[in-house]
Amino acid sequence: MKGIGLATSPSWYCSKVSGCNVNGLLAFGGRNSIIFLDATAEPPVFLGWICQFRNRINSLAWNVNIERLGCSGDEDGKVHVWDAETQTVIAEKQNIHKNKVTVVDWLCSDVVVAADDRGHIFTWRFSHDDVQYFHPEPQAVTCMSCSPHTSTNIAIGYKSGLLLVFDLSKKGKVLHKLRGHDEEIQSLVWCPNLTDDINKPGDDCVNERDLSRGSLASGSRDRTIRLWCLAKERSLSTLRLPTSNSSRSHGDDQSARSRTYLTLLWPKNMPNELISSSHGGEMLQWSLGKSGKGKYQVFRAGVSSSTHSRTIFNIVQVSPDTLCSFSMDRQIILWDFPALCSKSTIPTVGGVVTALAVSSQTGRLAIGCGDALLRTWNLGSSGSFYDVQSFWQGVKAKVTAVAWHPVKEGWLAYATEEGRVGIYDVLSTKGPMLSSSYHRGTIYSLVWGKPCSVDGSHDAGPWFFTLFSCGDGVIFQHNPSRLQDEAEDINTLIRTTNNLKLKLPMRTEIAWKPNFSIAAIGNDDGSIELFAATSLRLVCTLHAHCKIINCLRWHPEFTQASSGASRCSCWLASGSNESDVLVYDLTAVLDKKSNIDSGTPSEEARSPRLITECSQLLSGHKNRITSLAWSSHVDGLLASVSYDGTAQVWNALTAAPIANFRGHQNRVLCVEWSQSDADLVYSGGEDYTVQSWRVTEQEFRTPPEQKSKSKGKHKGSKRHHQPTETEAVKASTEDSEKLPAGQQEMNNVGQLLEEKRQQLLLDAGKVTAEKVTAREVNVVSATEAFVGTGGSFGQQVSEVASSAEDILPEDLHLTVSVSAPQAAVESEKISRHASLAGKPKKKKVKSLLPVCSGHDNRGKHFAYQDCILLSDLFYGSETVKTEAAERSSHLGLFTDRRGVFDLLKTEGLHHQKMGNIDYQLLLEIWKGNIGGTLKTASEKNCLSDYLVAVASISSQDPACWRPVCHQFAKQLAAEENHQRAVLYLLACNDVYAALDLLLEHGMYREAVALGKCRLSSRDPVLVKIYLAWVCQLSKDGNYELAAKCLLAIRKPADAASLLAKRADAYCLKVAAHVCTRAADDGRARAHVLRYVQHCRLAGNLQEVVDTLGVHRQLKGYELACTVQQLLVTQLLHLTALPPDTAVARMEKLQYLPEFPVATGNATPPGSETDLTQPWRTLLLQEQPFLSFIAHMWDLHLPVTMATVAVAELYDDLRGNQQASGSQTNDETLIVFLSNEIAMCVLSLLLSDAGAAAVHLSNCLGTSGIVGRPDLLRSVCNLIFPYGCDNAKSFLVNLSLPVKLQTKERDSGNITASQYETLRVEGAHLLAGSSDVSNREASHVGSAESLAGSRNVSNCEVSHVGGAESLAGSSDVSNREASHVGGAESLAGSRDVSNCEALHVGGAESYM
């Protein structure tokens, strides 16, 4: 198949459907074919294909040792071995499980290993046809790779994400079981170079420099790549696909994951490089020895080629410098590996090629395909051989017809299977122009022509051409300048112009002459009508075809071979559902038309002509003609394509075949000649290919002969024709001259006997295979005996019949006629019966009167006796009548009413004996015994619909219908036919019984629906139904549906409680919403608190703020969220918090600015410093961490900082804070620290330094932070920027400016100078006084002045555990006492020595 233009697209979603051998020959599977591409040529060339497969190819692999051999697996469970040089299949094996083969590979030179979608793995040594099966896991195998280093080891990836490594030499023993991926594994590759330190058994440590190189790499749908060390059975490293910012990768995370297909390639001799696909068609090169943003590079577009725009499924290495990729965008791209850029793009076809059209202006080939893409191939491009553009906007369906504008360059019209018409300007980037009118079905023909109107005048438009589309039996005329207007049906013009009143035929094809003077229209009755331009006056009718017209094509006006107008310019070629191509020479007709147009001819001259014969008949195709094309280079050269799968070139001048192309593997649908090469033809068909071939290179001249299919009749013969006796005798006489005497007759009769015996035995089904064999031997021996002995015809036929009877069953009798005419008739009947033998037989209905039927079928002798008996019964004497009546019980149908009753009684007893109770009851109803029938049926539990129906018409007991319905409902319920049982209970208007029946059998939905329809909304039974349903749903764990039921009966609190049982964040939110709507604030608060906790643990801080906007009573947690965001930001900066935790990936609050990170590394003057481990001073915008928090609250939060409001916020947080020992992970620890720090700052705002110290001590004393020195050190650095020595002074001093800011905002009476004075004095008093009492007094006085109170005692009371606890003292006993609520709490210990150590050495001594 050399010279193929565009091949079929590679299969999608297959892990290994392509490969390349050592010679650079690329093979890939597309549909049911394997296509070969020479990737080393420039440009790449398709070399051929193997298309002997019946099903889709899912996987293929090259043999590493024998480069010409390959293997493949298909949907039907077959594995093939093929030869690329001869392009033939040399071996084939069917999977005994007949499941879809998902992946194949070579284990060694002659062993193929394959896996299917049910988890079966089998090896096939095709040279000895030896197969072994394994089934390690009952799940679908998605990818597989054989080890290049150990010939018996294979790695297999499963749909669940499991990865197994087997040793097939040990009967499929599982060597390694690797888990790490969450979703299906899509690709597996082995490292080309293994390092000893990684794969050495028993090695307890792996060299860190080689962690980037594993012995196996896997890519999964979870968008991760894992490198595995098999010796350790663990993942060495995990690579995550980067987030794509391109427009190709859009949508939510779930849809992006569903579109992701992660395929891998580990280049040869490059263990530190890995190639992978990524989002939206990107391809990445991973440098396994690097980290950070530089660990991967993206392949880019080359100068004359592009990159993929959709998912990549396979990546193959062609050579050390060339890679090849296959994508969903139906493009094959060759990449320059060292330059990381594309160098060649090869387009493919993903659907049936339905239409071709060559532009006479640009030389572009327009291609219409079934993959909803419109393509144009620039055949004259100098830059690239595969210069193909694809257009998809506005197409959305199979393209069935294309047509280039005759004048406007680049204008291409197309039509679709859905009946839409559009126009593309392929030289621009604009979208298509779409017609507002569309056909109801598929459009099969699309041409440009002259505008037509009734009077011959027309609106020329800008380009003087309109577009004609033919589909669903009509032809529309579209004005390209006004496509928004409704298209015109030209049948209306034809009726008006030609004054036609009869029904017009269905239009199937239209073709305009190249000079646009005549339009030829084909019809479904095989006729072709010629209409004059503009007015559509009928000129001529051609009626040489008998079937629907498929294609019409006018010869070009000029050709390159003719000096002027072509001598064939008036020729029209037509193709239909027949296999012949007809060519008409219409020179005389068109000359007459010219004369009519130029003068005023007579009425006779104006009448249209009728032509019933063609000028040339081109016979050779074996099936219907689908497309025609005249050569624009040579006169009379015609190309045709057919359903027979070939393309034929004819010399229409001599009706001689020139060449026949057989490269297609299915029906061919379209053909076009090249505009630049007189020997080049393009064709496309149902094999998804566009092929270019040369006429002079074809081996054959005519299409191949097809095997004739015997259908029992021949063309031209009369149906069901039976030969007369004269014809049969004449035929017998003629045959006797050719064969020995009697041999022809014996052959016919012997065949007749054989066929009839086969049919009878097939129907009887009682003859074994041994008897059939014996019968065949007897027939053959009898035939030979006849020929050998020369016996008479009748004698030998009798012998054959007797020999056949010996082996037939006893209940079969064969009657043989020796008449030749009758034998022929019988033979035809037998063949007709044999053709129907495979059809399912109709089930024979049982007779209601089997006794009567049995007597009637006994034979003629018994029928005669019955006639005698009836005559005696009617006309005999009384004695004779009495005797006849005793023997005529079976003749009740022919006697009186009593006789019929007796007959029906006999028949009923027979049915009862045979177990046909329904038939017995039916006969009783016929007799009128309705009451007795219903009673009997009720007792035997064999009531039926018709019995209940007739109960209502019982004249004996009209009220019996209701009990019968109840009884039938019980019977149906016992038979588990609950719906019908309910139906009959409702017929009795017993709604409650129907509801009880539904509830009893767990049909709660049906019970609710019925109750809502039939009962009052206040009926307590409805509540009972809902509660029963809720009970069952709760047992099943379906809390959501149970909550809906509870809401239906107005129980919102119970509904919220059920929803909260799920412990899911969204369920808690819904539960809170339900309680809020129901004004149940208490439960709503509890659910909101649980929901807020979930969101904070997951890092969804913005969701917390949005939720708290509805619940104003919990605004304190908004402050805690601010602290959490600030705290996580600082801890990540200080590397004290792992970046992979949920809180680290938090959703930041929208109303807060980007937080600065803490900076500084100074030690406050005058403090004692440990020179071996200096205290790190951390400030945010020159403010301590706690002060910065209060500053952020004041600036950005819509929360008032009045004293009462702050107290309420503090109470909100304190009432729901967890215990200090409940932090089990980083998430809960961060939430706990955020709450404590928030309450600490709120305590400072309330001037309660003692409470602030308690909260800080809770932070530092929690179990989650004690065992983590790095985290404890960072928290201490943030809370105490100047060290723990100054903790007490710093904390009290910190509360002063915070309180002053609050006071200033609340009252507005404190000026800046007053504030500065108070701050300096307060700090001086705190830091400079050595006497405990003086510091206490100064602190009390400053607090009193800040609070605006004249009562010193009140201020002292408010500062218990605060200023007194934090005030320094030189006396150890005093300091010990002051540490009760302060430093002792900070250290998390009651031991004085520990408190002293913390006070002297700071956080370093504690840590």
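Novice: Which parts of the structure should I look at to understand the sheet that holds strand 6 (residues 57-62)?
Specialist: Whether parallel or antiparallel, the strands of a sheet pair through hydrogen bonds between backbone atoms. Strand order in the open sheet made by the four strands is 6-7-8-9, with antiparallel pairing throughout. The outermost strands of the open sheet, each flanked by one partner alone, are strand 6 and strand 9 (88-94). With direction set aside, neighbouring strand axes in the sheet form an average angle of 20°. Relative to strand 7 (residues 69-74), strand 6 runs antiparallel, the two sharing five bridges.

Novice: Explain the packing of helix 24 (residues 1052-1061) against helix 26 (residues 1081-1098) to me, please; I cannot follow it from the model alone.
Specialist: Think of two packed helices as two axes; the pair is described by the angle between the axes and how far apart they sit. Running from N to C, helix 24 and helix 26 point in directions that differ by 15°, and their axes come no closer than 11 Å. Viewed along their axes, helix 24 and helix 26 adopt a mutual orientation that is roughly parallel. Pair helix 24 / helix 26 crosses with left-handed handedness. On the side of helix 24, the interface is formed by A1053, A1056, S1057 and A1060, while helix 26 contributes R1083, H1087 and R1090. Looking at the contact of helix 24 with helix 26 residue by residue, the classes come out as three nonpolar, two polar and two charged.

Novice: Hey, could you run me through the sheet that holds strand 42 (residues 507-512) in this one?
Specialist: With mixed pairing, five strands are arranged side by side in an open sheet as 42-43-44-45-49. Looking along the sheet, the strands with just one partner apiece sit at the ends: strand 42 and strand 49 (609-611). Ignoring strand direction, the axes of neighbouring strands in this sheet form an average angle of 20°. Where strand 44 (residues 528-532) and strand 45 (residues 538-542) come together, four bridges link them in antiparallel fashion. Paired with I528 across the two strands is L542, which belongs to strand 45.

Novice: Hey, could you run me through the pattern of salt bridges in this one?
Specialist: Opposite charge on two side chains makes pairing possible when the charged atoms of those side chains draw close. The tally for this structure, following the rule as stated, stands at 20 salt bridges. D371 is paired through a salt bridge with R375; the nearest N and O atoms lie 2.7 Å apart. You'll find D371 and R375 in the same group, each marked buried. Taken together, the shared-partner salt bridges connect R68, D83 and E85 into one network.

Novice: How should helix 29 (residues 1185-1196) be read in this particular structure?
Specialist: Residues three or four positions apart in an α-helix share a direction because the helix packs 3.6 residues into each turn. The end-to-end C-alpha distance of helix 29, which contains 12 residues, comes to 16 Å, matching closely the 16 Å that a straight helix rising 1.5 Å per residue would cover. Of all the residues in helix 29, the buried ones are F1185, L1186, S1187, F1188, I1189, A1190, M1192 and W1193.

Novice: Whenever I open this one, the confidence of the model for the protein confuses me. Can you help?
Specialist: Detailed reading of the predicted coordinates is not advisable wherever pLDDT falls low. Averaged over the protein, the pLDDT score is 75; the fraction of residues at 70 or greater is 70%. Confidence drops under pLDDT 50 across residues 1162-1173; counting only partners more than four residues distant or on other chains, this segment forms 14 contacts. Note on residues 1296-1407: pLDDT is under 50 here. Beyond four places in sequence and across chains, it has 148 contacts.

Novice: Is there a simple way to think about unusual backbone geometry in this case?
Specialist: Where the residue is not glycine, phi is negative for most of them; where a peptide bond is considered, it is trans in most cases. Of the consecutive residues E42 and P43, the connecting peptide bond is found in the cis state with omega at 0°. Of note, P43 is situated in the loop between strand 4 (33-38) and strand 5 (45-50). Its identity as a non-glycine residue notwithstanding, R31 has a phi of 55°, on the positive side. With respect to the secondary-structure elements, R31 resides in the loop between strand 3 (25-30) and strand 4.

Novice: Explain the packing of helix 26 against helix 28 (residues 1116-1133) here, please?
Specialist: Running from N to C, helix 26 and helix 28 cross one another at 10°; their axes reach a closest spacing of 12 Å. In terms of axis orientation, helix 26 runs roughly parallel to helix 28. Of the residues in helix 28, those touching helix 26 at L1089, V1092 and R1096 are Y1117, A1120, C1121 and Q1124. Looking at the contact of helix 26 with helix 28 residue by residue, the class counts come to five nonpolar, one polar and one charged.

Novice: Is there a simple way to explain the environment of H664 in this structure?
Specialist: Looking at the secondary structure, you find H664 in the loop between strand 54 (656-661) and strand 55 (668-673). Classification of H664 as buried rests on a relative accessible area of 5%. C-alpha separation for the pair H664 and G684, spaced 20 residues apart in sequence, amounts to 8.0 Å. Beyond its immediate chain neighbours, meaning those up to four positions away, H664 contacts G645, S683, G684, G685, D687, T689 and Q691. Within the structure, the side chain of H664 is placed 2.9 Å from the side chain of D687, a separation counted as a polar contact. Within the structure, the side chain of H664 is placed 3.4 Å from the side chain of Q691, a separation counted as a polar contact.

Novice: Even after reading the chapter, I still don't get the nonpolar core, so can you show me in this structure?
Specialist: Note on soluble globular proteins: their nonpolar side chains tend to be buried together. Among the nonpolar cores identified, the biggest contains 64 residues, and L1131, F1185, L1186, I1189, W1193 and L1242 are the most heavily contacted of them. Looking at which element gives the most residues to this core, the answer is helix 31 (residues 1226-1245), with 12 residues. Among the nonpolar cores identified, the runner-up in size contains 48 residues, and L921, C942, V982 and L1041 belong to it.

Conventions adopted
- Residues numbered from 1 in each chain as written.
- Predicted model: local features only at pLDDT ≥ 70, side-chain atom pairs only at ≥ 80, totals over all residues.
- Heavy atoms only, no water.
- Pairing = 2+ DSSP bridges.
- Helix = DSSP H or I, 4+ residues; strand = E, 2+ residues; numbered from the N terminus.
- Axes fitted to C-alpha atoms, helices over the stretch in contact; angles between N-to-C directions.
- Parallel < 35°, antiparallel > 145°, perpendicular 65-115°, else oblique.
- Left-handed = near helix turned anticlockwise from the far one by under 90°.
- Contact = heavy atoms within 4.5 Å.
- Nonpolar A, V, L, I, M, F, W, Y, C, P; charged D, E, K, R; others polar.
- Salt bridge = Lys/Arg side-chain N within 4 Å of Asp/Glu carboxyl O.
- Buried < 20%, exposed > 50% of the residue type's maximum accessible area, 1.4 Å probe, protein only.
- Expected span 1.5 Å × (residues − 1).
- pLDDT = per-residue confidence, 0-100.
- Polar contact = N/O pair within 3.5 Å; in protein donor to acceptor, adjacent residues only side chain to side chain.
- Core = buried A, V, L, I, M, F, W, Y, C linked by side-chain atoms within 4.5 Å.

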